Amino acid sequence: MVVAVDAHGDAIRVEARCTPVGAACPDCAQWTKQVHSSYLRFPADLPTAGRRAQLALRVRRFFCTVPACSRRTFVEQVPGLTRRHGRVTERLRQAMSEIGLALAGRAGARLARVMGIATSRTTLLRRVMDLPDPTATQPRAVGVDDFALRRGHVYGTVVIDAETHQVLDLLPERDAATLAPWLAAHPAIEVICRDRASAYAEAADIAAPQALQVADRFHLWQNIAAAVEKTVADHRSCLRDLPPPSPEPEPAWETPAEAAPGQEAETDDPTGRFAERARAHHALVHDLLAQGMGLRRIARHLGWGRHTVQRYARAARWQDMVKGRKRQLPSKLDPFKPYLADRWAETDGNVTILDLHREISARGFRGHYTLVHSWIRRELPRQKGITPAPPPPSIRQVTGWLTRHPATLTEEEKLHRKAVLGRCPELASAAELTSSFAEMLTTLSGTRLPEWINEATDAELPGISSFATGLNNDLAAVTAGLTTDWNSGPVEGAVNRIKMLKRQMFGRAGFRLLRKRVLLA
């Protein structure tokens, strides 16, 4: 019961006392009315109306009348307000716990200070660690994946409920010895979504033999993309001297009418945010100059630097502020440019750039070959009648042409893909196998997987054939991944959330705090 409320300064003082006739012993639960004594408690509370709240609560100490009870006296508690040995109210404790879960230590302490809560980062972290873990459940389907505690060195395992997408637990390691006990403690598991890591497969075989293991389709596609890249790298000799693609003739377009003589400068005007800003600033500076203001006065009036105002004042047109010529910086190739030009003219362009680079290197040039190559291609005339061959496509480019959906390729990429496949029958076979695997993956027709494995093995393509052979070691899980709707997408989302929480804590927090925040936040 509230006895008095007094507001003075920046604080509100609330005096209250307990009104029940008796209290129950916390050990034996025996109700008693025998009062031993009373005293004042001052638990900290949340601010009220922007002011500090000072709570003066009078509580009583009771005798326990049960002779067999080990407790002789005890202090009454107010449910929802106080707890034994607590120096803050329950609602303040809950508020600090929520702040700690959302922002961790340092950021949480800054927010608490703004809210008028006097606390430290360590107190917030203690409040988080004091929270109980969520109630254990018996999930029917789970997803497991690893996450980095310290990238490249230490990894853990995250387990989620594949149906509700709720994180169930975080484990400090990613080996079978860590995951197997957790799976054994949850015998109701029927489905395990995982990647193709052997540790998770071993743990599932040992601790949950009754569960259906499902290999994730995303990881399967990553695996076959890496296999295709190996195949392309092994046949990169086919990528040299490709015939130029023959695009379809462009349709005839109507010749646009010539612009009027006065419109040329207007169409050449630069556009964009910087151009609009330059136009407005140039007009503003010249208007102030026309009013008789000096450069220093304009700079003070606009809050700009004097040199900035000076540049706008000296520019006759606003376009000059945007389309200024770049200043040519000195290059280590400058002393050798006359020699390169003479050698190029002597040979009429029939000399390789590599030979020229070697010649000037013998004369003291210490630059890279690409510097010589770019300058010669840009500045020196090419030999008449000879067009340099385009560079061959890279392994990564060809891999993208073979693994991407045809609808996402541009017309030029389609022509290059057609030229590559026509030149190399092995890559054409790799493209067919990749397309058929993608069809199985998107249509969930995993029953055709054994047939595809046989075709890929018989093709004897490095990368793809070894990938197909490796599928036999995990055939049941891969077939389930290409047949059922289960996948590890929700697990990847949980891993991304863990990364966000780790960055928020600047990598200073340990595994226990990270686990609390992932499970409770």
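For the structure itself, look to the data block above.
Residues numbered from 1 in each chain as written. Predicted model: local features only at pLDDT ≥ 70, side-chain atom pairs only at ≥ 80, totals over all residues. Heavy atoms only, no water.

Q: For this particular structure, what's the right way to read the pattern of salt bridges?
A: Working definition: two side chains of opposite charge can pair if their charged atoms are close together. Considering all chains together, one arrives at 21 salt bridges under this definition. Linked by salt bridges that have partners in common, Asp133, Asp169, Arg515 and Lys516 make up one network. (Salt bridge = Lys/Arg side-chain N within 4 Å of Asp/Glu carboxyl O.)

Q: Explanation requested: helix H4 (residues 176–184) in the structure shown.
A: Along an α-helix, a turn takes 3.6 residues, which lines up residues three or four apart on a common side. What H4 keeps buried is the set Ala176, Leu179, Ala180, Trp182 and Leu183. The buried residues of H4 occupy an angular sector of 165 degrees when the element is viewed end-on, so they sit on one face. The inward-facing, buried residues of H4 contact strand E8 (141–150), strand E9 (154–161), strand E10 (167–171), strand E11 (191–194) and helix H5 (198–207). (Buried < 20%, exposed > 50% of the residue type's maximum accessible area, 1.4 Å probe, protein only. Helix = DSSP H or I, 4+ residues; strand = E, 2+ residues; numbered from the N terminus. Arc of directions from axis to C-beta. Contact = heavy atoms within 4.5 Å.)

Q: Quick question: what am I supposed to make of the pairing of E8 here?
A: Successive side chains on a regular strand alternate, one facing one side of the sheet and the next facing the other. Within E8, 7 of the 10 residues are buried, which leaves it mostly tucked inside the rest of the structure. As defined by bridge partners, E8 adjoins E11 across 3 bridges and the pair is classed as parallel. The residue of E11 that forms the bridge with Ala141 is Val191. In this structure, E8 lies alongside E9, joined through 8 bridges in antiparallel fashion. Paired with Val144 across the strands is Val159, a residue of E9. (Pairing = 2+ DSSP bridges.)

Q: What exactly am I supposed to notice about the packing of helix H6 (residues 217–234) against helix H14 (residues 395–403) here?
A: Packed helices, taken two at a time, are described by the angle their axes make and the gap between the axes. Put simply, H6 and H14 touch, their axes get as near as 9 Å, and they point 130 degrees apart. The angle between H6 and H14 places the two elements in the oblique class. As H6 runs across H14, the sense of the crossing is right-handed. Contacts between H6 and H14 involve Trp221, Ala225, Val228, Glu229, Val232 and Ala233 on the former and, on the latter, Ile395, Arg396, Val398, Thr399, Leu402 and Thr403. Of the residues in the contact of H6 with H14, the class split is 8 nonpolar, 2 polar and 2 charged. (Axes fitted to C-alpha atoms, helices over the stretch in contact; angles between N-to-C directions. Parallel < 35°, antiparallel > 145°, perpendicular 65-115°, else oblique. Left-handed = near helix turned anticlockwise from the far one by under 90°. Nonpolar A, V, L, I, M, F, W, Y, C, P; charged D, E, K, R; others polar.)

Q: Before we go on, may I ask you to explain a negative patch on the surface in this structure?
A: A cluster of acidic residues, Glu451, Glu455, Asp458 and Glu460, forms a negative patch at the surface. You can see Glu455 is positioned in helix H17 (residues 449–459). (Patch = residues over 30% accessible without salt bridge, like charges linked within 9 Å, V, L, I, M, F, W, Y side chains within 5 Å. Areas by Shrake-Rupley, 256 points an atom, 1.4 Å probe, with all protein chains shown as cover. Lys, Arg positive; Asp, Glu negative; His and termini not counted. Charge placed at Lys NZ, Arg CZ, Asp CG, Glu CD.)

Q: Just to check I follow, could you spell out the nonpolar core for this structure?
A: Across soluble globular proteins, nonpolar side chains have a tendency to be buried as a group. Judged by nonpolar contacts, the single largest core of 34 residues is most densely connected at Val398, Leu427, Phe437, Leu449, Trp452, Ile464 and Leu471. Secondary-structure elements contributing two or more residues to this core are H6, H14, helix H15 (411–423), helix H16 (425–443), H17, helix H18 (464–471) and helix H19 (475–481). Those residues in contact with Val398, other than ones at most four positions away along the chain, are Val232, Leu239, Pro393, Val420 and Leu427. (Core = buried A, V, L, I, M, F, W, Y, C linked by side-chain atoms within 4.5 Å.)

Q: Looking at this structure, I do not really get the pairing of strand E6 (residues 52–63). What am I missing?
A: Sheet topology note: the strand E2 (residues 11–17)/E6 ladder contains 7 bridges and is parallel. When the sheet's bridge partners are listed, Arg13 is paired in E6 with Gln54. Pairing of E6 with strand E7 (residues 73–75) involves 3 bridges; the strand directions are antiparallel. Each bridged residue has a counterpart across the sheet, and for Phe62 the counterpart in E7 is Phe74.

Q: When you look at unusual backbone geometry in this model, what are you seeing that I'm missing?
A: The general pattern is negative phi for most residues beyond glycine and trans for most peptide bonds. One non-glycine residue, Ala104, adopts positive backbone phi at about 65 degrees. Structurally, Ala104 is set in the loop between helix H1 (90–103) and helix H2 (106–115). Despite not being glycine, His165 shows a phi value in the positive range, around 65 degrees.

Q: What is the right way to look at the sheet that holds E9 in this model?
A: Picture the strands of a sheet paired through backbone hydrogen bonds; they go either parallel or antiparallel. Strand order in the open sheet formed by 5 strands is E10-E9-E8-E11-E12, and the pairing between neighbours is mixed. If you trace the sheet from one side to the other, it starts and ends with E10 and strand E12 (212–215), each paired once. Direction aside, the axes of adjacent strands within the sheet are offset by 25 degrees on average. Of the strand pairs in this sheet, E11 and E12 are connected by 4 bridges, and their pairing is parallel.

Q: Sorry, what's going on with the environment of Pro243 here?
A: Tracing the backbone shows Pro243 in the loop between H6 and helix H7 (264–267). Counting along the chain gives 179 residues from Pro243 to Gly422, while the straight-line C-alpha distance between them is 9.9 Å. Leave out the neighbours within four places in its chain, and Pro243 touches Ala419 and Arg423.

Q: What should I look at first to understand the environment of Asn454 in this one?
A: For Asn454, the position within the fold is in helix H17. You can call Asn454 partly exposed: its relative accessible area is 48%. When the C-alpha positions of Asn454 and Thr469 are compared, they lie 8.8 Å apart, and in sequence the two are 15 residues distant.

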